[in-house]
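# Structural features, examined
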Amino acid sequence: AQSVTQLDSQVPVFEEAPVELRCNYSSSVSVYLFWYVQYPNQGLQLLLKYLSGSTLVESINGFEAEFNKSQTSFHLRKPSVHISDTAEYFCAVIPLSGGGADGLTFGKGTHLIIQP
Amino acid sequence: SQTIHQWPATLVQPVGSPLSLECTVEGTSNPNLYWYRQAAGRGLQLLFYSVGIGQISSEVPQNLSASRPQDRQFILSSKKLLLSDSGFYLCAWSGGRYQPQHFGDGTRLSIL
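Structural notes, computed from the coordinates. Treat the numbers as computed from the prediction; the structure is a model and nothing was measured. (Residues numbered from 1 in each chain as written. Chains lettered and ligands numbered in written order. Predicted model: local features only at pLDDT ≥ 70, side-chain atom pairs only at ≥ 80, totals over all residues. Heavy atoms only, no water.)

All names here are of chain B. Across the sheet, which stays open at both edges, the 4 strands sit in the order β1-β3-β8-β7 with antiparallel pairing between neighbours. On the outer flanks of this sheet lie β1 (3-7) and β7 (65-70), each paired with one strand and no other. Ignoring which end each strand starts from, the neighbouring axes of this sheet average 20° apart. (Pairing = 2+ DSSP bridges. Helix = DSSP H or I, 4+ residues; strand = E, 2+ residues; numbered from the N terminus. Axes fitted to C-alpha atoms, helices over the stretch in contact; angles between N-to-C directions.)

A few words on the interface of chain B and chain A. In this assembly, 22 residues from chain B lie in contact with 25 residues from chain A. A combined buried area of about 1,800 Å² lies between chain B and chain A, and 56% of that area is made up of carbon and sulfur atoms. Linking chain B with chain A are 0 salt bridges. Summed over the shared surface of chain B and chain A, the result is 4 residue pairs in polar contact (both at pLDDT 80 or more). Within the residue set of the side of chain B that touches chain A, elements represented by two or more residues are β4 (32-38), β5 (44-52) and β9 (87-94) of chain B. When grouped by side-chain class, the residues that make up the side of chain B that touches chain A number 11 nonpolar, 6 polar and 5 charged. (Contact = heavy atoms within 4.5 Å. Buried area = accessible area lost by both parts, 1.4 Å probe. Salt bridge = Lys/Arg side-chain N within 4 Å of Asp/Glu carboxyl O. Polar contact = N/O pair within 3.5 Å; in protein donor to acceptor, adjacent residues only side chain to side chain. Nonpolar A, V, L, I, M, F, W, Y, C, P; charged D, E, K, R; others polar.)

We now examine the pairing of strand β12 (residues 110-115) of chain A. All names here are of chain A. Residue alternation in β12 divides its side chains into a buried set, T110, L112 and I114, and an unburied set, H111, I113 and Q115. For strand β2 (residues 10-14) and β12, the ladder comprises 5 bridges, and the chain directions are parallel. The residue bridging F14 from the neighbouring strand is Q115, located in β12. Across 3 bridges, the pairing between strand β10 (residues 87-95) and β12 is antiparallel. What sits directly across from E88, in β12, is H111. (Buried < 20%, exposed > 50% of the residue type's maximum accessible area, 1.4 Å probe, protein only.)

Further remarks concern the state of the cysteines. By definition, a disulfide links two cysteine residues through a covalent bond between their sulfur atoms. All told, the structure shown has 2 disulfides over all chains when counted by the stated rule. Here C23 of chain A connects covalently by a disulfide to C91 of chain A, the sulfurs 2.0 Å from one another. Every disulfide takes its handedness from the sign of the S-S torsion; for C23 of chain A and C91 of chain A that torsion is -65°, giving left-handed. Taken together, the positions of C23 of chain A in the loop between β3 (19-21) and β4 (24-26) and C91 of chain A in strand β10 put the pair 68 residues apart, joining distant regions of the chain. Of the residues examined, C23 of chain A reaches a relative accessible area of 0% and is grouped as buried. On the accessibility criterion, C91 of chain A (0% relative accessible area) is buried. Across the disulfide from C23 of chain B sits C91 of chain B; the S-S distance is 2.0 Å. Residues C23 of chain B and C91 of chain B share a disulfide whose torsion about the S-S bond is about -75°; that sign makes it left-handed. One end of the pair, C23 of chain B, is in strand β3 (residues 19-26); the other, C91 of chain B, is in strand β9, and 68 residues separate them in sequence. As far as burial versus exposure is concerned, C23 of chain B and C91 of chain B are alike and both buried. (Disulfide = S-S within 2.5 Å.)

So, on to the layout of surface pockets. Roughly 430 Å³ of internal volume is contained in the largest pocket. The wall of the largest pocket is formed by 22 residues, among which Q38, E88 and F90 of chain A together with Q38 and A40 of chain B lie closest to the centre. Put simply, the parts of the chain that give the lining of the largest pocket at least two residues each are β10 of chain A together with β9 of chain B. A per-element tally of the lining of the largest pocket places β10 of chain A first, with 3 residues. (1 Å grid on protein atoms, 1.4 Å probe; cavity = no way out; pocket = protein on both sides within 12 Å on 5 of 7 lines; lining within 4 Å. Points joined across faces, edges and corners; volume = space filled by probe spheres on them.)

What follows deals with the environment of L96 of chain A. Residue and element names in this part refer to chain A. Tracing the chain through its elements places L96 in the loop between β10 and β11 (105-106). The exposure class of L96 is partly exposed, given its relative accessible area of 30%. Between the C-alpha atom of L96 and that of Y32, which follows or precedes it by 64 residues, the distance is 6.9 Å.

Close approach of charged atoms allows side chains with opposite charge to pair. One pass over the full model with this rule turns up 6 salt bridges over all chains. One salt bridge in this structure joins K78 of chain A and D85 of chain A, with 2.9 Å as the shortest N-O distance. When its relative accessible area of 3% is taken as the criterion, D85 of chain A is described as buried. Residues D71 of chain B and R68 of chain B are paired through a salt bridge, measuring 3.2 Å at the closest nitrogen-oxygen approach.

Printed below as a string of structure tokens:
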């Protein structure tokens, strides 16, 4: 079985400051990793994904995440945040083998609060 | 392009009443379909998934059931709702097990 830990339930940051949202996972097999963003009263939107290749992946709105296999982490970063980045961010994994459910295993989410 | 529709957006139901939430996908065929529940402070929990018509896998024993009567239709049901069934229910689809999942806008279910 897999598990995902998002170490911070809430992260307050001033506008235009950098931010890092932490994600660690546990799995006995290799995984694919995802970050999703949820704006208030909406569904989840895929932000970025790591499937293979370069361990640094980027999204179109300035976020990036780096897969670190040795530390089993997939932290999300942005060098300068905007008010519009205020949302809930979820890290998720799916195992590459071992059967089991087809669904994603999610962390509990991190609420990113941007302060003016 | 593919789209996913979920309805209703909000629902208030009394304890003991039945439930039917519907999800449909357009623009793709034979998608994998999922139902998740999001409870406050607990992240998302996979409830059911389906890889084809009539094929339903349940991840958590509970008061709910799911059905897939058509290729792109996924229904979440209950015969008698409990207070603990309150939450935000999300439907999602993917092109396969390892493909990213795409979510609907969710249904906020309140049980009184």
